[in-house]
Amino acid sequence: MFISTSSKLQNTRASLNQQIIKQMRMRAGAENLLKASSNNKVKEMVLLELSYVNSNLQLLMGELEGLNSSVEVYQNTQETANIPLIALGLKETKEVDYSTLFKDFILEHYSEDGKDYEDEIADLMDLRQACRTPSRNEAGVELLAKYFSHLPLVESRFFSPSRQTGIFFTWYDSFTGVPVCQQNLSLEKASILFNMAALYSQIATRSDRQTVAGLEEAISSFQIAAGTLNHLKETFTHTPSYDMSPAMLSMLIRMMLAQAQECLFEKIALPGIRNQFSSLMKMAQEASRVSEIYDQVHQSMIQTPIKDNVPLFWSTMTQVKANHYRSMAHFFVASALLDHQLGPSDDEDQQEKTLSQVYDRLPEGRSPLDILKNKDERTRIGKAHIRRAILGHEEALRIYGLCHHLNKLEALQDILKASHQRSLNKSSENENEEEFTDYTEAPDIISKTEHKAEMEVPATTKVKVTDFFQRLGPLSVFSAKQRWTAPRTIRLRPEDRDLGFTLKGETPVQVVSLDPLSPAAADGLKEGDYIVTVGNTDCKWLGVTEVMRLLKDVDEEGIDIQVVSISYQARLLHSSFATFCGNLPKTYSMICLAYNDDDKNPKSRKVTKKSSFISWGLKNKLKSASTLSLPTADHSGTLPWNKPCPTFPSSSSYNNDSALY
């Protein structure tokens, strides 16, 4: 029932968002026509149309505010004895089609057929579509977390820092319905995080708060919601949607923590409050803490411009709760003073210490011990507290009556009236017609809690997922920020059982120490090339040992390999751009000025032939135990080919940057 009702509410929200954007487009068109036209009659007609459109927008905004005020939908269906809690609604988004642009990017950037990745693209699109309507439980949170964890992988694969992809992500503000559109994934990531926090808040509000387990679930969920919103606030600092602005997120974090603190108070009170002096004083300070934090939330809600976007229902509810729990605190202190007297068996020092910690100030000329020992003084202060409790409950009821959305919550009204009546009964029990009217003002109660609500770091934001597009190769190498040449086919033919180059690296392997006179070099192999296929075997995820095994049995006819290399333009781009602003270079390093065109021609350099890593021979006295190749010798003596091959992996090989390109 909860899931179907909340889903229906979300569908209504989506429909309202569409109507709002339609009216906003009409308003923008009318305003442009008003500026462009010089005909007075046309201007009058446009002004009339603008008035009509603005009226429709106000009505739609009012309906959206009503949806955000529908807290009864998110409450536990069997719960009638607890004050309702506020849940966040999910942000709505438009569908996104990755298919065409991703396939084009795979063909252009990775030189592979995009049609081979249709299944992977469909899986990604299905996952995003499912995130638009997640179930309101842990499974829904895990679904959002899974998609969120895929986004950095997708970003590295397809979103180049030097150009736009052409994919537009549109999300609607959860409070105003105004759409926000971006071409990068920042808005997508931030909105998914927001919806994760919203789901946690909905899980918290539907928990059964008549049980300890239900209260613990509500407390944990609210604290995780606050932690998720805080992570969003610290990570995405310039999100254009106002519902994710720093000011709004700070308010939402406070509200989640306030509701967690309220549930903590309910958990303490659930077994029953012992009618003892110390227990009543403790509960008074706990209630004062809840009141204090709700008052802070209310103060943040009425600040500009938050008050213009937050539903009136929310700020009214926080104001009602601040007054309600403050009145409860005064009722508990009144009960402790009026119902209990300092007896011979009571710990006088302990009660004095307890009372002194409850007040930040006392009426002039009175000490905690005077109040405890003097029955008249104790009664006078107790009655002052009960008067403040009655006034506070009356104020809560008055504020409740001002908001028509609150009037729908009959459970809240019943709780407020019952609390008010309880304070009235306590006052009548201690009335004495012979006494003169006392105008003593009760001191404020210091808030204190033994169980402070704190943000929890959301573990679900880091879910291990398998890259949909791992067939493209290791992400550390095959990413959107690298520019690649098209795959080149090289025919390897061993010459004197020597292929003429060395391999190094993790995955994929890289060609180094290339003999420029070898057949492979003559066929177009270059130092720094990455081997992506050997024969018909994809080698992008194979290490040196596996590739060597494939090359080991090459016969005289040879074998075809495919290699790719980072394009020269990409290397120059990455080395010359020092700072980026809106994808435009602002400063340049001196690397581009030091580049020498003569270095392009390998024939102009003096070549020293190095020992080959992949070579075959029968004898080598200097063979290393971990080296699987044998050097060959040049009997002409013109080149130093008789040097031993270094052991692989070699630290010198890794540190020799010049061997990479």
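Predicted model, so just to flag it, every value in this text is computed and none were measured. (Residues numbered from 1 in each chain as written. Predicted model: local features only at pLDDT ≥ 70, side-chain atom pairs only at ≥ 80, totals over all residues. Heavy atoms only, no water.)

### Quick look at the overall build of the protein
Then comes step 1: Helix and strand counts for the protein come out as 19 helices and 10 strands.
Then comes step 2: Considering the protein as a whole, with its 661 residues, one finds that 48% of them fall into the buried category.
Then comes step 3: For the protein, the share of sequence-separated contacts (at least 6 apart) that also reach a separation of at least 24 residues comes to 75%.
Then comes step 4: Put simply, the protein shows about 33,000 Å² of open surface, and 50% of that area lies on carbon and sulfur atoms. (Helix = DSSP H or I, 4+ residues; strand = E, 2+ residues; numbered from the N terminus. Buried < 20%, exposed > 50% of the residue type's maximum accessible area, 1.4 Å probe, protein only. Contact = heavy atoms within 4.5 Å. Areas by Shrake-Rupley, 256 points an atom, 1.4 Å probe, with all protein chains shown as cover.)

### A short note on the confidence of the model for the protein
Then comes step 1: Per-residue pLDDT for the protein has a mean of 78; in total, 77% of the residues score no lower than 70.
Then comes step 2: Ranking the elements of the protein by mean pLDDT puts helix α18 (residues 591-594) last, at 31, and helix α8 (residues 246-269) first, at 95.
Then comes step 3: Below pLDDT 50 for its whole length, residues 569-661 participates in 128 contacts with residues either more than four positions away or in separate chains. (pLDDT = per-residue confidence, 0-100.)

### What to know about the pairing of strand β6 (residues 530-534)
Then comes step 1: In terms of burial, β6 is largely enclosed, as 5 of its 5 residues are buried.
Then comes step 2: Strand direction decides the pairing type here: β6 and strand β8 (residues 559-564), joined by 4 bridges, are antiparallel. Across the sheet, residue V534 finds its bridge partner in β8, namely I561.
Then comes step 3: Sheet topology places β6 next to strand β7 (residues 537-538); 2 bridges connect them, and they run antiparallel. (Pairing = 2+ DSSP bridges.)

### Thoughts on the packing of aromatic side chains
Then comes step 1: One pass over the full model with this rule turns up 15 aromatic pairs.
Then comes step 2: Members of the aromatic cluster, each reached through a chain of ring pairs, are Y98, F102, F105, Y110, Y117, F158, F159, F169 and F469.
Then comes step 3: Directly above the ring of F194 sits K91, whose terminal nitrogen or CZ lies 5.8 Å from the centroid.
Then comes step 4: One Lys or Arg, R471, reaches over the ring of Y117 and ends 4.2 Å from the middle of that ring. (Phe/Tyr/Trp six-rings, centres within 6.5 Å; stacked < 30°, edge-to-face > 60°. Lys NZ or Arg CZ within 6 Å of the ring centre and 35° of its normal.)

### Description of helix α16 (residues 544-551)
Then comes step 1: Every buried residue of α16 is listed here: V544, V547, M548 and L551. Along the axis of α16, the buried positions cluster into a sector of 100°, meaning they face one direction only.
Then comes step 2: Tucked inside the fold, the buried residues of α16 contact β3 (488-492), β4 (502-504), β6 and β8. (Arc of directions from axis to C-beta.)

### Some points on the packing of helix α9 (residues 277-301) against helix α11 (residues 348-358)
Then comes step 1: α11 packs onto α9 with a crossing angle of 15° between their chain directions and a minimal axis gap of 11 Å. As summarised for this structure, α9 and α11 are arranged roughly parallel, according to the angle between their axes. In the packing of α9 onto α11, the handedness of the crossing is left-handed. Note on element contacts: α11 touches α9 through Q351, T354, L355, Q357 and V358, opposite F277, M281 and Q285.
Then comes step 2: Of the residues assigned to the contact of α9 with α11, the class counts are 4 nonpolar, 4 polar and no charged. (Axes fitted to C-alpha atoms, helices over the stretch in contact; angles between N-to-C directions. Parallel < 35°, antiparallel > 145°, perpendicular 65-115°, else oblique. Left-handed = near helix turned anticlockwise from the far one by under 90°. Nonpolar A, V, L, I, M, F, W, Y, C, P; charged D, E, K, R; others polar.)

### Description of the nonpolar core
Then comes step 1: Residues F102, L252 and W314 are the most contacted members of the largest nonpolar core, which totals 125 residues.
Then comes step 2: Ranked by the residues each element gives to this core, the list is headed by helix α10 (residues 312-339), at 15 residues.
Then comes step 3: Each of domain 2 (275-452) and domain 3 (484-565) contributes no fewer than three residues to this core.
Then comes step 4: Excluding anything up to four places from it in sequence, L252 contacts L88, F175, F194, L229, D243 and W314.
Then comes step 5: Judged by nonpolar contacts, the second largest core, of 22 residues, contains L499, L525, I559 and V563. (Core = buried A, V, L, I, M, F, W, Y, C linked by side-chain atoms within 4.5 Å. Domains from an automatic or database assignment.)

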